[in-house]
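Letter by letter, the chains look like this.
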Amino acid sequence: MKKEILLLLFVCFSFTVYSQNPIVRDQFTADPTARVFEGKIYLYPSHDIPSPVERLKEWFCMADYHVFSSDNLIDWQDHGVIVSQENVPWVAPESYSMWAPDCVYKDGKYYFYFPSAPAGENRRGFAIGVAVSDTPYGPFIPEAKPIEGVGGIDPCVLIDDDGEAYIYWSGRGMSVARLKKNMLELDGEPTQIEGLPEGFKEGPFVFKRKGIYYYTFPWVKDKTETLAYATGDNPMGPFTFQGIIMEESPTGCWTNHHSIVEYKDQWYLFYHHNDYSPSFDKNRSARIDALFFNSDGTIRKVTPTFRGVGVSPATGKVHPDRFSAVSQSGTSIAFVSDENPFEGWKMKLEEKGAWVRYERVDFGEGGQQMVKARVQSSTGCTVRLQAGDTGRSVMTELEVPVTGSWQEITVPIKYAPKGIHDIQLTLIDEGMAEIDWISFE
């Protein structure tokens, strides 16, 4: 009873996370499944944590699930824990195996599907369970038993145009089965997905666009996971392999896991990377980038970015380390604090003429009079701030003093644009500057 009360309190308590890529900046969030409910994006990731048990110190460790929501893809509200290994009757309570989930809506209810290790001496591998809620953010009530006939991980559920529901999962191949109308039981025997390439595959995410079924999945074609896809004209396959959506991680993160969703007439790829944990790729963080289709329905390859998506308000904190473009030399990024990576990154300008550009800052009706910046410099220097898509009109020059630690400086601006513009910071003299964020007032 006490655990249920604590869980309910945590679900009711929520707060806002502000970010670009990665999109959640106070905890690890892997395997992000995005869904559109009630006019918002709801994000259902798994939750990597440093392992409290020795056997998982070098492996994936996940004890619960949070849900996040956003209506602008910039501000993310954390609604707290919706399911944990301690409140699911059939889950081994110290298995730390709450891997990639999904959530769908049907007939007035939200169904949250998740894998985990079952309790009991004779149970092995993974099962997939369901928790049900009246709202997309919970509280979710777990079913007493997992879905009979499903053994594996990474559930994905597709509700087709005719209302029929299908569940996909991985483990001993890639499988699909029809769901009964109650969304809790299989309606027939599972079948294997045909038409996929050889090699390790997991994490299916299936969606439908213009009559085409897209079967997308992480695939190891060399050393680490790419994101790949196949297409078909039937939700149960067979599918024809089409190619790569995202190439392997340039920094060697072994896993990638994703979802693809349309929101306000734009398609987006949600995926993960080990941004906050570069030396341990079992602690990952969710990202977003825009996704586009060719006229024949094939998917254009997505290149991961720091900037991500969405429009940043000028009055918020703009982080130039999440840049859209930088000069070829004289720039670098590093953690603000190596002891606490969740403090984020800093942008270093270390060579005269070095610059960084950040896209899509919304100045609204203009009228901003000051710019505030959190900076530090061992030399002192001048940084020019420009705005505008053409000409990049000079807004002001930041005289960065010699500082032994981080300082906030405030400088008047000469020119405040209206609407949405890129901004650019350029080091215009010798010296160096480290910039955490800037904000317009």
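Since the structure is predicted, the reported quantities are computational estimates derived from the model, not experimental observations. For every chain, the first residue of the written sequence is number 1, and numbering continues from 1 onward in sequence order. At least 70 in pLDDT is required for a residue's local features to be given in this predicted model, at least 80 for side-chain atom pairs to be given and counted, and no such filter applies to totals for whole chains, interfaces and linings, which use all residues. Note that the side-chain values use all heavy atoms of the structure and ignore hydrogens as well as water.

It is worth spelling out the sheet that holds strand S15 (residues 212-220) at this point. Pairing between strands is defined by DSSP: at least two bridges between the two strands are required. The helix count covers DSSP runs of H or I at least four residues long, the strand count covers runs of E at least two residues long, and both are numbered beginning at the N terminus. Reading across from one edge, S14-S15-S16-S17 is the order of the 4 strands in this open sheet, with antiparallel pairing throughout. The open sheet terminates on both sides in strands that have one partner only, identified here as strand S14 (205-209) and strand S17 (240-246). For this sheet the average axis-to-axis angle between neighbouring strands, irrespective of direction, equals 30°. Here S14 pairs with S15 via 5 bridges, running antiparallel. Bridge pairing links Arg 209 to Ile 212 in S15. Lines fitted to C-alpha atoms define the axes, with helix axes restricted to the stretch in contact, and inter-axis angles between N-to-C directions lie between 0 and 180 degrees.

A few words on the sheet that holds strand S20 (residues 285-291). Consider a sheet: its strands pair through backbone hydrogen bonds, and that pairing is either parallel or antiparallel. Read from one edge of the open sheet, 3 strands run S18-S19-S20, paired in antiparallel fashion. In this open sheet, the two edge strands, each paired with only one partner strand, are strand S18 (259-263) and S20. For this sheet, the mean angle separating the axes of adjacent strands, direction not counted, is 30°. In the sheet, S18 pairs with strand S19 (residues 266-273) via 5 bridges, with the strands oriented antiparallel. Looking at S19, one finds that Ser 259 is bridged to Phe 270.

Let us look at the pairing of S20. Along any regular strand, the residues point their side chains to alternate faces of the sheet. Categorising residues by exposure relies on relative accessible area from a 1.4 Å probe, with only protein chains included: less than 20% of the type maximum marks a residue as buried, more than 50% marks it as exposed, and the intermediate range marks it as partly exposed. With 6 of 7 residues buried, S20 lies mostly within the body of the structure. Pairing between S19 and S20: 7 bridges, direction antiparallel. In the sheet register, Trp 267 faces S20, and the bridge partner there is Leu 291.

Moving on, we get to the pairing of strand S27 (residues 381-387). Most of S27 is tucked away: 6 of the 7 residues are buried. When S27 meets strand S28 (residues 393-400), the two strands line up antiparallel, connected through 7 bridges. For Val 383, the partnering residue across the bridge sits in S28 and is Leu 398.

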